[in-house]
Amino acid sequence: MVRCGIALLRKYGNFIDNLRLFTKGGSGGMGYPRLGGEGGKGGDVWVVAHKRMTLKQLKDKYPQKRFVAEGGANSRVNALKGSKGKDCEIPAPVGISVTDENGKIIGELNKEEDRILVAEGGLGGKLHTNFLPLKGQKRVIRLDLKVIADVGLVGFPNAGKSSLLSRVSHAKPVIADYAFTTLKPELGKIMYNDFKKISVADLPGLIEGAHLNKGMGHKFLKHLERTRQLLFVVDISGFQLSSKTQYRTAFETIILLTKELELYKEELKTKPALLVVNKMDLPDAQVKLHELMKQLQNPEDFLHLFEKHLIPEKAIEFQHIIPISAVTGEGIEELKNCIRKSLDEHDDQEKDAYHKEQLLNLQSSSS
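Residues numbered from 1 in each chain as written. Predicted model: local features only at pLDDT ≥ 70, side-chain atom pairs only at ≥ 80, totals over all residues. Heavy atoms only, no water.

The protein chain carries the name GTP-binding protein 10 in an unreviewed UniProt entry, which gives Nannospalax galili as its organism. The record in UniProt for the protein chain states the following under Subcellular location (unreviewed entry): "Nucleus, Nucleolus". Database annotation for the protein chain, UniProt heading Sequence similarities (unreviewed entry): "Belongs to the TRAFAC class OBG-HflX-like GTPase superfamily. OBG GTPase family." (UniProt positions renumbered as here; feature names shortened; annotations may be inferred.)

So, in structure tokens, the structure goes:
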């Protein structure tokens, strides 16, 4: 059996997950008409990924949120070719998507030192511009952080996700007996005795209508896009947000969570998924678990209980279903092993697919 050790929580005090910035490339340098000299090109503006950077640090360091590159040097008698202006680099965290003002994606930063050109410098003055320089590109950009983690916890508020994170990783998220104790993503790491580390993101609880941005749904759902595997967490006794909202059984919770993911972005349902049935220490939990397993084995027999618009196109097939109690620790070791096994299997499948693609490329190039 794989044993797990202590893990540390990475905190994001005053969490910021998006930032709007003004960027401008440097203007080109003046040409020299009499001698045909060319002005230097203006500097470019780049967003560059740094491992230990956060959006909050970026905002604190550059409160004006303006990034302008240096202008190109003018052409002159002793330097007919003007030198290029100095580039401007915006330090950003890994796991950022960069979009323009209209929401069009410019690029993504997935690993350290990835870089994206966001504003190009203007050309220097030369013959075909009448030796007049061009201005640099102006662009308002938006940086959006999408948490990168191996596993993302998905569930309605108060399903016990924070308690589970503290159990599997010794992280210290806020835990209380009321909804929405997690207001920002918390990251913990499961550490195994062979030094393997698996990162787990506890994302704020979703509510029905999250895909419509209810309860800041989009802000939370987007973080799931950057996780490799989904870990659904449901309360065996069901869920009710408040006295004014409808009570949902554990099975209904799974169906509704699936529908929210599908409506936000259907590709999320293609990720490998595990199901954790939490709070097995409660009275009648075993009876309810037996009923839930029956429902999950033949979900179509129970879908008539739902309004048509709440039924997902396709149910998620869970690789493992693990009953646990985050309070007593029941099932936690099995869960850690299932997470590891599922991710290892996924890695093997990706490697096989890559090798097959390489082989096909070799065969097609040699024929």
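Moving on from the coordinates now.
Let us look at unusual backbone geometry. At Phe131, a residue that is not glycine, the phi angle is positive and equals roughly 65 degrees. Here Phe131 lies in the loop between strand 8 (115–119) and strand 9 (138–145). Phi at Asp284 is positive, roughly 65 degrees, even though this residue is not glycine. (Helix = DSSP H or I, 4+ residues; strand = E, 2+ residues; numbered from the N terminus.)

Along the chain, Ala250 falls in helix 4 (residues 250–264). We classify Ala250 as buried; its relative accessible area is 5%. Between the C-alpha atom of Ala250 and that of Ser237, which follows or precedes it by 13 residues, the distance is 6.4 Å. Setting aside chain neighbours within four positions, we find Ala250 in contact with Val234, Asp235, Ile236, Gly238 and Leu292. (Buried < 20%, exposed > 50% of the residue type's maximum accessible area, 1.4 Å probe, protein only. Contact = heavy atoms within 4.5 Å.)

Attention now moves to the confidence of the model for the protein chain. The share of residues in the protein chain with pLDDT of 70 or more is 86%, and the mean pLDDT across the chain is 83. In the predicted structure, residues 172–183 sits below a pLDDT of 50 and forms 30 contacts with residues beyond four places in sequence or in another chain. Every residue in residues 208–217 is under pLDDT 50, and counting partners more than four places away or in other chains gives 22 contacts. (pLDDT = per-residue confidence, 0-100.)

Membership of the largest hydrophobic core comes to 34 residues, with the highest contact counts inside it found for Leu224, Phe232, Leu275, Val277 and Leu292. Secondary-structure elements contributing two or more residues to this core are strand 10 (149–154), helix 3 (217–224), strand 13 (227–235), helix 4, strand 14 (273–278) and helix 5 (285–297). If sequence neighbours within four positions are ignored, Val277 has contacts with Val234, Ile236, Leu289, Leu292, Ile321, Ile322, Pro323 and Ile324. (Core = buried A, V, L, I, M, F, W, Y, C linked by side-chain atoms within 4.5 Å.)

Sheet architecture is open: five strands sit in the order 4-2-9-6-7, paired in mixed fashion. With one partner strand each, in any of the chains shown, strand 4 (66–68) and strand 7 (105–109) form the two edges of the open sheet. Here the average twist between neighbouring strands, direction ignored, is 25 degrees. Relative to strand 4, strand 2 (residues 18–24) is paired through three bridges, and the arrangement is parallel. Paired with Lys24 across the two strands is Val68, which belongs to strand 4. (Pairing = 2+ DSSP bridges. Axes fitted to C-alpha atoms, helices over the stretch in contact; angles between N-to-C directions.)

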